[in-house]
Amino acid sequence: FFFWCFLKRRSRCRCAAAARLPEAAHCTPMSETPARPAQPRRPRGNRLQVVVRKRPLSGREAERGRRDVLDMQADAEGAWVIVHEPKTKVDLTAYIETHNFRFDGAFGEATTNRTLYAGSVAPLVSHLFAGRIATCFAYGATGAGKTHTMLGSPQEHGIYSLAANSIFERMEASNGAGGEGLVLR
């Protein structure tokens, strides 16, 4: 599924500007495959960050003989998701069509919610305390793992819980030091 983090300065907050996505935010097919492991980039300034998390195959998918068709790699500009799509020609010859997409970050199926939070959402907390607006949401098909990532489970906290803990810890630390505070509107 896709996981979006959005940073915006309050002074530049306009509904029309918020509705448009910058060109770089869209996944763009690329022709070359980089060789480094996938690592998320840190958000810079006012921009949309698109992060992808790969879920493992379900037990039902494994029982049906489904194969993993995604690879993830990274380069200096971001992460690549490579889709190896099985297809069949008109003459019934099987082949694999490869599609390459670039994102700001990509996390594999072994990634924990805490790792995902630290790599893509935790930097947004600093932006909140700098007077900026930060929005984070998940998008994807049913069963893609959105609820597990955002809400978590009794065994593993979700993004909402981890973000709330970070905000309250920072507020508590700054209150004792006569610090920055956070204004909720």
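Read on for an overview of the structure.

About the cut-offs
- Residues numbered from 1 in each chain as written.
- Predicted model: local features only at pLDDT ≥ 70, side-chain atom pairs only at ≥ 80, totals over all residues.
- Heavy atoms only, no water.
- Helix = DSSP H or I, 4+ residues; strand = E, 2+ residues; numbered from the N terminus.
- Buried < 20%, exposed > 50% of the residue type's maximum accessible area, 1.4 Å probe, protein only.
- Salt bridge = Lys/Arg side-chain N within 4 Å of Asp/Glu carboxyl O.
- Core = buried A, V, L, I, M, F, W, Y, C linked by side-chain atoms within 4.5 Å.
- Expected span 1.5 Å × (residues − 1).
- Bend = angle between axes of the 7 residues up to and from the residue.
- Pairing = 2+ DSSP bridges.
- Phe/Tyr/Trp six-rings, centres within 6.5 Å; stacked < 30°, edge-to-face > 60°.
- Lys NZ or Arg CZ within 6 Å of the ring centre and 35° of its normal.
- Contact = heavy atoms within 4.5 Å.
- Polar contact = N/O pair within 3.5 Å; in protein donor to acceptor, adjacent residues only side chain to side chain.

Here we come to unusual backbone geometry. Even without being a glycine, leucine 92 presents a positive backbone phi close to 70°. Relative to the helices and strands, leucine 92 resides in the loop between β5 (78-88) and β6 (94-103). A relative accessible area of 69% means that leucine 92 is categorised as exposed.

Our focus in this paragraph is the pattern of salt bridges. Side-chain pairs of opposite charge can arise where the charged atoms are in close proximity. The tally for this structure, following the rule as stated, stands at four salt bridges. For arginine 55, the salt bridge is made with glutamate 61, and the minimal N-O distance between the two is 2.8 Å. Here lysine 87 makes a salt bridge to glutamate 97, at a shortest N to O gap of 3.3 Å. Residue lysine 87 is found in strand β5, and its partner glutamate 97 is found in strand β6; the two are separated by 10 residues along the sequence. Residue lysine 87 is classed as partly exposed on the basis of its relative accessible area of 29%. Shared partners join several salt bridges into a network, and the residues in it are Lys54, Asp68 and Glu109.

This part covers the nonpolar core. Grouped together as the largest cluster of nonpolar side chains are 14 residues, with contacts concentrated most on Leu116, Tyr117, Val121, Val125, Cys136 and Ile159. Among the secondary structure elements, those contributing two or more residues to this core are α3 (113-129) and α5 (159-176). Of all hydrophobic cores here, the second largest spans eight residues; its members include Val50, Val52, Val81 and Phe103.

Here the focus is α3. An α-helical segment advances 3.6 residues per turn. Residues three or four places apart therefore align on the same side. For α3, built from 17 residues, the straight-helix expectation of 24 Å at 1.5 Å per residue is met to within 8% by its first-to-last C-alpha distance of 23 Å. Roughly 50° is the biggest bend found in α3, and it falls at glycine 119, with proline proline 123 one to four residues downstream. Every buried residue of α3 is accounted for by Asn113, Leu116, Tyr117, Gly119, Ser120, Val121, Pro123, Leu124, Val125, His127 and Phe129. Looking one or two places after α3, you find glycine 131, whose phi comes out positive at around 85°.

Moving on, we get to the environment of glutamine 49. Among the secondary structure elements, glutamine 49 is positioned in strand β3 (residues 48-53). Separated by 55 residues in sequence, glutamine 49 and aspartate 104 have C-alpha atoms that sit 5.9 Å apart.

Okay, the pairing of strand β4 (residues 70-75) next. Pairing of β4 with β5, which is carried by six bridges, proceeds in the antiparallel orientation. Following the sheet pairing, aspartate 75 is matched in β5 by glycine 78. Here β4 folds back onto β5 in antiparallel fashion, the turn holding two residues.

Bringing the packing of aromatic side chains into the picture now. Scanning the model with the defined rule gives zero aromatic pairs in all. Geometry around tyrosine 95 places lysine 89 over its ring, the cationic atom sitting 5.5 Å from the centre.

All right, on to the environment of phenylalanine 103 then. By secondary structure assignment, the location of phenylalanine 103 is in strand β6. Here the alpha-carbon distance between phenylalanine 103 and valine 50, two residues 53 residues apart in the chain, equals 5.8 Å.

Another aspect to go through is the pairing of β6. As paired strands, β5 and β6 are joined by 10 bridges and run antiparallel to one another. Note on β6: the bridge partner recorded for threonine 88 is alanine 94. What sits between the antiparallel neighbours β5 and β6 is a turn of five residues, in which leucine 92 has the positive phi angle 70°.

Okay, the environment of histidine 84 next. Positionally, histidine 84 belongs in strand β5. Look at histidine 84 and you get partly exposed, because its relative accessible area is 24%. The contacts of histidine 84, once residues within four sequence positions are left out, are Val69, Asp71, Ile96, Glu97 and Thr98. Among the polar contacts listed, one links the side chain of histidine 84 to the side chain of aspartate 71, at a separation of 2.7 Å.

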